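Here is what each chain is made of, one letter per residue.
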Amino acid sequence: EAGVAQSPRYKIIEKRQSVAFWCNPISGHATLYWYQQILGQGPKLLIQFQNNGVVDDSQLPKDRFSAERLKGVDSTLKIQPAKLEDSAVYLCATHPPYEQYFGPGTRLTVT
Amino acid sequence: AQSVTQLDSQVPVFEEAPVELRCNYSSSVSVYLFWYVQYPNQGLQLLLKYLSGSTLVKGINGFEAEFNKSQTSFHLRKPSVHISDTAEYFCAVSDRAGGFKTIFGAGTRLFVKA
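Moving on, we get to the interface of chain A and chain B. Many structure descriptions define interface size as the accessible area lost when the parts assemble. Every contact between the two is made by 21 residues of chain A and, on the other side, 21 residues of chain B. Each partner contributes to the roughly 1600 Å² buried at the junction of chain A and chain B, and carbon and sulfur atoms together form 52% of this total. Joining chain A to chain B, the criterion identifies 0 salt bridges. Every element with two or more residues in the side of chain A that touches chain B is listed here: β4 (31-37), β5 (44-50) and β9 (88-95) of chain A. With 3 residues, the top contributor of residues to the side of chain A that touches chain B is β4 of chain A.

This is how it looks when you write it as structure tokens:
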């Protein structure tokens, strides 16, 4: 089966600009997560969707980050405006129960 | 609340030597435990998982881990490492009550030397 797809793979923007990331999950996987992985740290959950509803967004900086999952399939994560500390890899993951499948991530550099 | 502590940030080891990467967790309920590997510029790949049953779990690439409930540990081991095992390794915990939200440790960088 095809894996989790993410795009773009790399993005460089200046601070205060906006950026969007896209995730296409494995077909049939109802649960989708976005993680932020800062260099030298483990992934940190930003938001969890079940189909197109938000289950947990307690760690999402809502003043600048937003995410949506239309029709319970693809998802987008947006940052507006970006800050230097947003430089990280943004990982999308989906899963059947117990195990998560991760996409390759989008590496964001904010200058 | 769940948390994961990986006790070593870096582990250098010579090729063909054994290695143990340590992981301790805290959780108030029954947990599911995972080890993931991340090669440079790649996503996370599942090495192995403990859901229930036997406390000794075997994974891919010759890795295994042992779940120790009394010590709340889930250490990863490999009897003989290869240069290709050089990567970042993450221990993670999730539980049903948390909607399978996965909490990751900070990672251990395994560096295998020739």
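Before going further, it helps to spend a moment on the layout of surface pockets. Roughly 510 Å³ of volume is contained in the largest pocket. Around the largest pocket sit 26 residues that line it, and Gln37, Leu39, Val89 and Arg107 of chain A together with Gln38 of chain B are the ones nearest its centre. Among the elements of the structure, β9 and β11 (106-110) of chain A together with β10 (87-94) of chain B are those that each provide at least two residues to the lining of the largest pocket. Put simply, the second largest pocket is a space of about 180 Å³. The wall of the second largest pocket is formed by Tyr25, Ser27, Val29, Ser30, Val31, Tyr32, Tyr50, Leu51, Ser52, Phe67, Lys69 and Thr72 of chain B.

Attention now goes to the packing of aromatic side chains. Remark: the centre distance and the inter-plane angle together describe each pair of aromatic rings, the angle taken between the planes. According to the stated counting rule, one finds 13 aromatic pairs over all chains in the structure shown. Aromatic pair Phe65 of chain A and Tyr90 of chain A: ring centres 6.4 Å apart, planes at 40 degrees, arrangement tilted. Of the two residues, Phe65 of chain A sits in strand β7 (residues 65-69) while Tyr90 of chain A sits in strand β9, which places them 25 residues apart along the sequence. In this pair, the class of Phe65 of chain A matches that of Tyr90 of chain A, namely buried. Centroid distance Tyr36 of chain B to Phe104 of chain B: 5.6 Å. Interplanar angle 50 degrees. Geometry classified as tilted. Placement of the pair is Tyr36 of chain B in strand β5 (residues 32-38) and Phe104 of chain B in strand β11 (residues 103-104), with a sequence separation of 68 residues. Here a set of aromatic residues connected by ring pairs shows up, and it is made of Tyr33, Tyr35 and Phe102 of chain A together with Phe34, Tyr36, Phe90 and Phe104 of chain B. The aromatic ring of Phe14 of chain B is capped on one face by Lys113 of chain B, whose charged end is 4.4 Å from the ring centroid.

Conventions and cut-offs
- Residues numbered from 1 in each chain as written.
- Chains lettered and ligands numbered in written order.
- Predicted model: local features only at pLDDT ≥ 70, side-chain atom pairs only at ≥ 80, totals over all residues.
- Heavy atoms only, no water.
- Contact = heavy atoms within 4.5 Å.
- Buried area = accessible area lost by both parts, 1.4 Å probe.
- Salt bridge = Lys/Arg side-chain N within 4 Å of Asp/Glu carboxyl O.
- Helix = DSSP H or I, 4+ residues; strand = E, 2+ residues; numbered from the N terminus.
- 1 Å grid on protein atoms, 1.4 Å probe; cavity = no way out; pocket = protein on both sides within 12 Å on 5 of 7 lines; lining within 4 Å.
- Points joined across faces, edges and corners; volume = space filled by probe spheres on them.
- Phe/Tyr/Trp six-rings, centres within 6.5 Å; stacked < 30°, edge-to-face > 60°.
- Buried < 20%, exposed > 50% of the residue type's maximum accessible area, 1.4 Å probe, protein only.
- Lys NZ or Arg CZ within 6 Å of the ring centre and 35° of its normal.

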